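# Residue-level structure breakdown
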Protein chains: 2
Amino acid sequence: MICALAGGVGAARLLRGLVRVVPPQDLTAVVNTGDDTVLHGLHISPDIDTVCYTLAGWGDDTRGWGLAGETWTVMTALEALGGQAWFRLGDRDLATHLYRTQRISEGAPLSEVTTELSRQLGTGIEVLPMSDDPVHTRLELAADGREVAFQEYFVRLRHDEPVNAVHFEGADTAAPAPGVTAAIESAEVVVICPSNPVVSIGPILAVPEVSPAVAARRDTVVAISPIVAGKALKGPADRLLLELGEEPSVLGVARRYVEVCGTLVIDEADAGYADTVRSLGMRCVVAPTVMRTATDAAVLGKVVLDAGRPPAGRR
Amino acid sequence: MICALAGGVGAARLLRGLVRVVPPQDLTAVVNTGDDTVLHGLHISPDIDTVCYTLAGWGDDTRGWGLAGETWTVMTALEALGGQAWFRLGDRDLATHLYRTQRISEGAPLSEVTTELSRQLGTGIEVLPMSDDPVHTRLELAADGREVAFQEYFVRLRHDEPVNAVHFEGADTAAPAPGVTAAIESAEVVVICPSNPVVSIGPILAVPEVSPAVAARRDTVVAISPIVAGKALKGPADRLLLELGEEPSVLGVARRYVEVCGTLVIDEADAGYADTVRSLGMRCVVAPTVMRTATDAAVLGKVVLDAGRPPAGRR
């Protein structure tokens, strides 16, 4: 069994590679829900949806979120009514949120609903939210100290505002969703996907029982740096690391993960950092990490699994 | 000023006639919210929407609910996910529910949101919910005494189940929405639209301050019977009256309204009832009441206004 801690787009791409090198049913994705939001009364789980849509083959690869061939009838009508349309929800995507919200209103935990959606969409893998308890990623803006919700920062402000601090509201008392700890404990390899270490993987590790479970498997934990040559492949990971006083490089990523992760996979562009990463007490594997195609993703998936599987003598 | 107590389709048709014989800005519709429901997390106000869509010219006249030229992308996708699709929500209709739910979640009362929607849709009239407080129409099924919500009875069971009793949960403590009492008090004519007397007009009159306000204007209150020749023009009004031990005819309607209403307009098909209605202490006007066209509705609107306007010597 393989267990992958996952954020959104980068994680979804890697997972799509992993299912080419392991049977899909052997793969469990534990997905960040710190970005979850309620808008128009609807419970939206952006990372879960990105993972599910991508694995099911419905994802929009160009846009990186939502569904391919999506239509926008509802949003267009909502805009005409003067409604909030800054968070774009496609018509078919809305069906997912309607389904999730209805089931939660009936008392179903998010994990149960996620299993249902994952099966109906046809991901082939097991998708688990990190927790059934609400955790809200909040960012303190440097400009005025105001704290904003993740989606306001990420979508409305286009992650273009310096940040002082990041909080995971509710994480302290959140329990891992059913199956999460077991998936980590029983995995042959635990993968930390190339997602934003601060706001995608951060919330997962902030759930109290998750970090120790991952740390206990440190030797078989493999992370892929989402930062290549000092730049995030997508999103604000580089800026966030810098703004939080860390180095916006694979080294910053390594320092974030060193307690829980034995191996860091870095891109060939960052080969020069390999020895410094190793000096932190991690194994370091240099490989092409930019996934332009499904084949790139499968090749990277193989590298990651090999790096985490015993004998693990590389250093 | 004209104030109309309104349910769904029948009311919307009459209102469309009234705006041809009075300036739209002189017309206030006080609309039933006992049918309001939360589905998929969305606050749905079916009667308000029917009134707004019809007055704005967006209504689907053939189907009698929803928007003309509607698309069903979200519902189709929701069905594919195994979601609840028995309550059909079109794509553009959904935008209304998203807007309403978001505004209510921000703390706006339903009346404020309804004013916004009415203006954005372009109804031209003032549309008020009967109350900003939740009132839930519930029906006790004769078969097993089980109590069901209005939409379950009306849509899911297709109002095809005998009913023992009807309750308006929350009505006891509901206050009229801002403007409702004033609209009734200041109206030249108060119109009770040809809506279901039990489940459409019933909830409005069940709001404690509304009945006395209407009764105080009894001489200028004109109701139109929604029952013609013993049959409801639409929906289960005839069956409900019968099941509740009342007569499924204009006489049953007259008895329902006699305390609050001075004049009942009945269809020519029911002319034979006129004297019996009068014997209850109401004026009775016989006129064509079936609104097949907008012109029919305008003619009926004129009849209704004439019947309510002083000098009111007809009996």
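For the structure, see preceding data.
Below is a short write-up of the structure. (Residues numbered from 1 in each chain as written. Chains lettered and ligands numbered in written order. Predicted model: local features only at pLDDT ≥ 70, side-chain atom pairs only at ≥ 80, totals over all residues. Heavy atoms only, no water.)

### Re the overall build of chain A
- What chain A contains, in helices and strands, is 13 helices and 14 strands.
- Taken over C-alpha atoms, the radius of gyration comes to 18 Å for chain A, in line with the 20 Å a tight globule of 315 residues would show.
- Taking the principal axes of its C-alpha atoms as reference, chain A extends roughly 60 × 45 × 40 Å.
- In chain A, which comprises 315 residues, the share counted as buried stands at 57%. (Helix = DSSP H or I, 4+ residues; strand = E, 2+ residues; numbered from the N terminus. Rg over C-alpha atoms; globule rule 2.2 N^0.38 Å. Buried < 20%, exposed > 50% of the residue type's maximum accessible area, 1.4 Å probe, protein only.)

### Things to note about the pattern of salt bridges
All names here are of chain A.
- Under the defined criterion, the tally for this structure stands at 32 salt bridges over all chains.
- With its nearest N and O atoms 2.6 Å apart, the salt bridge here joins R100 to D49. Separated by 51 residues along the polypeptide, R100 in helix α4 (residues 91-105) and D49 in helix α2 (residues 46-56) bring together distant segments of the chain. We note that R100, like D49, is buried.
- A salt bridge links R103 to E112; the shortest N-O distance between them is 3.3 Å.
- On the basis of relative accessible area, R103 is assigned to the buried category, the value being 18%.
- One network of salt bridges, with partners in common, ties together R103, E106, E112 and E116. (Salt bridge = Lys/Arg side-chain N within 4 Å of Asp/Glu carboxyl O.)

### Here we look at the packing of aromatic side chains
- Per the stated rule, a full pass over the model turns up four aromatic pairs over all chains.
- Relative to F87 of chain A, the ring of W86 of chain A has its centre 5.9 Å away and its plane inclined at 90 degrees; by these criteria the two rings are edge-to-face.
- Aromatic pair F150 of chain B and F154 of chain B: ring centres 5.1 Å apart, planes at 20 degrees, arrangement stacked. Of the two residues, F150 of chain B and F154 of chain B both sit in helix α6 (residues 150-156), four residues apart, roughly one turn of that helix. (Phe/Tyr/Trp six-rings, centres within 6.5 Å; stacked < 30°, edge-to-face > 60°.)

### Quick word on the interface of chain A and chain B
- Chain A puts 27 residues into the contact, and the matching count from chain B is 27 residues.
- Surface buried jointly by chain A and chain B totals about 2,200 Å² across both partners, of which 71% is contributed by carbon and sulfur atoms.
- The three residues of chain A that bury the most area against chain B are H40, L81 and L98 of chain A, which together make up 29% of that side's buried surface.
- Inspection of the region where chain A meets chain B yields zero salt bridges.
- In this assembly, chain A and chain B are joined by four residue pairs in polar contact (both at pLDDT 80 or more).
- The set of elements that each furnish at least two residues to the side of chain A that touches chain B consists of α3 (73-80), α4 and α5 (110-121) of chain A. (Contact = heavy atoms within 4.5 Å. Buried area = accessible area lost by both parts, 1.4 Å probe. Polar contact = N/O pair within 3.5 Å; in protein donor to acceptor, adjacent residues only side chain to side chain.)

### Section: the sheet that holds strand β10 (residues 221-224) of chain A
Residue and element names in this part refer to chain A.
- The seven strands are arranged β5-β2-β1-β9-β10-β13-β14 in an open sheet whose pairing can be described as parallel. Every interior strand has two partners, whereas the edge strands, β5 (126-129) and β14 (283-287), have only one. Neighbouring strand axes in the sheet, compared pairwise and without regard to direction, differ in orientation by 20 degrees on average.
- Relative to strand β13 (residues 263-267), β10 runs parallel, the two sharing three bridges. By the bridge assignment for β13, A223 is matched with L264. (Pairing = 2+ DSSP bridges. Axes fitted to C-alpha atoms, helices over the stretch in contact; angles between N-to-C directions.)

### Re the relation of the copies chain A and chain B
- Screw-axis analysis of chain A against chain B gives a translation of 0.0 Å along the axis, an RMSD of 0.0 Å, and a rotation angle of 180 degrees. Expressed as a symmetry operation, the mapping of one chain copy onto the other fits a two-fold axis. When each C-alpha of chain A is compared by its distance to the rotation axis, G41 of chain A comes out closest, at 2.7 Å.
- Comparing interface residues between copies, 100% of those in chain A also sit at the interface in chain B, which points to an isologous, same-surface contact. (Least-squares fit on C-alpha atoms with pLDDT ≥ 70 in both.)

### Some remarks on the packing of helix α1 (residues 9-21) of chain B against helix α2 (residues 46-56) of chain B
All names here are of chain B.
- Put simply, α1 and α2 touch, their axes get as near as 9 Å, and they point 35 degrees apart. For the crossing formed where α1 meets α2, the hand is right-handed. Contacts from V9, A12, L15, R16 and V19 in α1 reach T50, V51, T54 and L55 in α2.
- In terms of residue class, the contact of α1 with α2 is built from six nonpolar, two polar and one charged. (Left-handed = near helix turned anticlockwise from the far one by under 90°. Nonpolar A, V, L, I, M, F, W, Y, C, P; charged D, E, K, R; others polar.)

### A few points about the environment of L39 of chain A
- Note that L39 of chain A resides in strand β3 (residues 37-39).
- Setting aside its immediate chain neighbours within four residues, L39 of chain A contacts I44, Q84 and F87 of chain A together with Q102 of chain B.

### Quick word on the nonpolar core
- With 108 residues, the main nonpolar core has L15 and V191 of chain A together with L15 and V191 of chain B as its most contacted residues.
- L15 of chain B has contacts with A4, A6, L27, A29, V51 and L55 of chain B, leaving out every residue within four places of it along the chain. (Core = buried A, V, L, I, M, F, W, Y, C linked by side-chain atoms within 4.5 Å.)

### Description of helix α5 (residues 110-121) of chain B
All names here are of chain B.
- The first and last C-alpha atoms of α5 sit 16 Å apart over 12 residues, in line with the 16 Å expected at 1.5 Å per residue.
- Every buried residue of α5 is accounted for by L110, S111, V113, T114, L117, S118 and L121. Down the axis of α5, the sector holding all buried residues measures 160 degrees, keeping them to one side.
- As for α5, its buried residues are in contact with β4 (42-44), α2, α4 (91-105) and β5 (126-129). (Expected span 1.5 Å × (residues − 1). Arc of directions from axis to C-beta.)

### Focus on the sheet that holds strand β2 (residues 27-31) of chain B
Residue and element names in this part refer to chain B.
- A sheet is described by the order of its strands in space; here seven strands give the open sequence β5-β2-β1-β9-β10-β13-β14, paired in parallel fashion. Each edge of the open sheet carries a strand with a single partner, namely β5 and β14 (283-287). Taking each pair of neighbouring strands and ignoring which way they run, the sheet shows an average axis angle of 20 degrees.
- Packed on one face of the sheet, helix α11 (residues 250-257) meets β9 (189-192), β10 (221-224) and β13 (263-267) and runs near 165 degrees to β13.

### A look at unusual backbone geometry
Residues and elements named next belong to chain B.
- Within the chain, H40 stands out as a residue other than glycine whose phi angle is a positive 55 degrees.
- Since its relative accessible area comes to 1%, H40 is described here as buried.
- For A229, which is not a glycine, the phi torsion comes out positive at approximately 55 degrees.
- Locating A229 in the fold gives a position in the loop between β11 (227-228) and β12 (231-232).

### What to know about the state of the cysteines
Residues and elements named next belong to chain A.
- Taken as a whole and assessed by the stated rule, the structure comprises zero disulfides over all chains.
- Of the cysteine sulfurs around C52, a residue in no disulfide, the closest is that of C193, at 13 Å.
- Exposure remark for C52: the relative accessible area of 1% places this residue in the buried category. (Disulfide = S-S within 2.5 Å.)

### A look at the pairing of β14 of chain A
All names here are of chain A.
- When you tally the buried positions in β14, you get four out of five residues, the bulk of the element.
- For β13 and β14, the ladder comprises five bridges, and the chain directions are parallel. When the bridges of β14 are listed, I266 appears paired with V286.
- Note on the crossover from β13 through helix α12 (residues 274-279) to β14: the handedness is right-handed. (Right-handed = clockwise from strand over helix to strand, strands pointing away.)

### A closer look at the side chain of N32 of chain A
- Mapped onto the fold, N32 of chain A is located in the loop between β2 (27-31) and β3.
- Filtering out sequence-adjacent residues up to four positions away, N32 of chain A remains in contact with A6, G7, D47, M130, V199, S200, P203 and I204 of chain A.

It is worth stressing that arrangement in space is one thing and function is another; only the former is reported here.
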